[in-house]
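Here are the chains, one letter per residue:
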Amino acid sequence: MRRLAAVLGALALAGSAFAAEIPRAERRSGYDLMSPETRAMQDDDTANPGMLSVLEGGALWSRKAGAAGRSCADCHGDARASMKGVAARHPSLDAARGRPVSVEQRINACRVERQQAPALAYESRELLALSAYVARQSRGLPIEIATDARTQPFLDAGRALWERRQGQLNLACRNCHDDNWGRRLAGSVIPQAHPTGYPLYRLEWQTLGSLQRRLRNCLVGMRAEPYEYGDPALVDLELYLMWRAGGMLMDAPAVRP
Amino acid sequence: MTHNSSRRDFLRAGAGLTVLLAVRPAEATPATMQDAIRAVVGTAPVTKGRVKLELPPLSENGNAVPLTVSLESAMTPAEHVRAIHVFTEKNPQPEVVSFRLGPRAGRARVSTRIRLADTQTVIAIGELSDGSFWSAESAVVVTLAACLEET
Amino acid sequence: MAETLISVPPRARRGEIVEIKTLVSHAMETGYRRSQLGERIPRDIIRLFVCTYNGTEVFRAELHPAIAANPFITFSTVATESGTLAFHWTGDNGFSVRETAEIRVD
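Within each chain, residue numbers correspond to sequence positions counted from 1 in written order. Written order decides the labels, with chains lettered from A and ligands numbered from 1. At least 70 in pLDDT is required for a residue's local features to be given in this predicted model, at least 80 for side-chain atom pairs to be given and counted, and no such filter applies to totals for whole chains, interfaces and linings, which use all residues.

Undergrad: How do you make sense of the overall build of chain A when you look at a structure like this?
TA: Runs of H or I in DSSP of at least four residues are treated as helices and runs of E of at least two as strands, each being numbered from the N terminus. Within chain A, the regular secondary structure consists of 11 helices and 7 strands. With the radius of gyration taken over C-alpha atoms, the globule rule is written as 2.2 Å times the number of residues to the power 0.38. Relative to the compact-globule value of 18 Å for 257 residues, chain A shows a C-alpha radius of gyration of 18 Å, a close match. Oriented by its inertia axes, the alpha-carbon framework of chain A measures out at about 55 × 45 × 35 Å. Around each residue's C-beta, the other C-beta atoms within 10 Å are counted; 20 or more make the residue buried, 12 or fewer make it exposed, and counts in between make it partly exposed. All C-beta atoms are placed from the backbone. Scored against the burial criterion, the 257 residues of chain A give a buried share of 42%. The contact rule is simple: place each C-beta atom from the backbone, and if two of them lie within 7 Å, those residues are in contact. Excluding contacts between residues fewer than 6 apart, the proportion of contacts in chain A whose partners are at least 24 apart in sequence is 75%.

Undergrad: Help me understand the sheet that holds strand β2 (residues 51–54) of chain B, please; the structure alone is not making it clear to me.
TA: Hydrogen bonds between backbone groups are what pair the strands of a sheet, and the pairing can be parallel or antiparallel. Here the rule is simple: two strands pair whenever DSSP picks up at least two bridges between them. Read across the sheet, 6 strands follow the order β2(B)-β4(B)-β7(B)-β6(C)-β3(C)-β1(C) without closing on themselves; strand pairing throughout is antiparallel. One side of each edge strand has no neighbouring strand; the edge strands of this open sheet are β2 of chain B together with β1 (4–7) of chain C. Put simply, the sheet's adjacent strands are angled 15 degrees from each other on average, direction ignored. Of the strand pairs in this sheet, strand β3 (residues 17–24) of chain C and strand β6 (residues 72–78) of chain C are connected by 7 bridges, and their pairing is antiparallel. To obtain each axis, a line is fitted to C-alpha atoms, and for helices this fit is confined to the stretch in contact; angles are then taken between N-to-C directions over 0 to 180 degrees.

Undergrad: I would appreciate a short explanation of the environment of R39(A) in the present structure.
TA: In this structure, R39(A) sits in helix α2 (residues 36–43). It is 8.4 Å that separates the C-alpha atoms of R39(A) and R256(A), two residues lying 217 residues apart in sequence.

Undergrad: Help me understand the domain arrangement of chain A, please; the structure alone is not making it clear to me.
TA: Buried accessible area, meaning the area lost when the parts come together, often serves as the stated size of an interface. All names here are of chain A. Partitioning chain A into domains gives domain 1 (2–44 + 144–256) and domain 2 (50–136). The domain boundaries here were taken from an automatic or database domain assignment. A C-alpha centroid distance of 24 Å is found between domain 1 and domain 2. Sorting the residues of the side of domain 1 that touches domain 2 by element identifies β5 (200–202), β6 (207–209), α10 (211–221) and α11 (232–244) as the ones contributing at least two each. Amino acid classes used here: Ala, Val, Leu, Ile, Met, Phe, Trp, Tyr, Cys and Pro are nonpolar; Asp, Glu, Lys and Arg are charged; the rest, including Gly, are polar. Of the residues belonging to the side of domain 1 that touches domain 2, the class tally is 16 nonpolar, 5 polar and 4 charged.

Written out as structure tokens, the structure is:
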């Protein structure tokens, strides 16, 4: 732990000098930094443990729920058509709420408003399965976050979070992920942190999890207070991360160490 | 210092053990692994060779390390692989898995994903229909995620 | 997660060796972990996986806690005749999951 703190302390000093976004041409997915074995696990749909969640999501898609007795399929039909590209364009503006929302929040909005069913808890098996199923329909498609005057303030808030030093180690996200990506932190390679594969099967978790879970992990690792699931700050950060990864191809459900 | 950090790494590693007191979790030692192998093999000799054990030399996470084990064999009723057993030297218990094959397999080749609690050696023992035992071993370096989830 | 994910070629020539890939949803709790309060979390794993081909056992795996969560096992079998491949996972706390796949052999 002392060794880790020393390394991170050095990064903290170094970070302030560089503070540069990654040039578009140099952007790389965390996939490229993984071992061939882990990549093979992701590439094979019959070996990728995340696909178990996708299959479950497919079953839930057709299941009637709530007082309205409706399934996702009743309104949205075949997800392969209706959900194509959706995850690649989220978080996106929800006019009624006046702010961008994530795919998970969209799913819950539908559950509550259209199915008249209770919202699914964050990180619950069902919500992960449905969001995995939706994200799978964007596989191979480029991330495309539209920004305008209405969403710009939230994008700026997300960027501010990315650049703000936080926690006991006084680190900002960008100190590692913009300034020191590709270098090793205690034996692991630091990725650029593009959310192309969420929700993903993290070997560390031994299960599928959302981007919010990963962000909370990072905050805990930095010894900063993690925002609660659903906190607008996490959605702002997700918006910024997706915008920053604009043009990169989605590969959910990914596998990562 | 080395001893402490390897113990801490072990406690945090692969199987997801969380931090606790001074009590040391039961750790397989090479002696226990030999006992486990004896339990399968009995008094028969184990010869190095014929078995091919494929593991990555470095694993990013000990929770799921891909493993493939194979033996060249015609897999006929007269001459085939009966079983393949896998053991580790430093996991809390040495047995990992036993695969039971036979002529219906067509080919003696099985893949799975295993947990490795620490950098260590993995051993595969092949059991042939003629009662002979063969082995191969492979060393794997296991690294951990830098930031561990602690909620 | 869905319970299982099986990959079997739907058709094969007689005598051909086919590869079967299986994935099953299970946390494979090792029994070596401790909770935040220091109590051991009891072992809860899949212990046995059996594959039968038209009723005859063709493959078996005896699993221990060192098999990773959501056990993935790939093995092969000779395509002898058309019929049903049946898969059965059993384990602690009465865990029992069955799945089948049809194979057509020409």
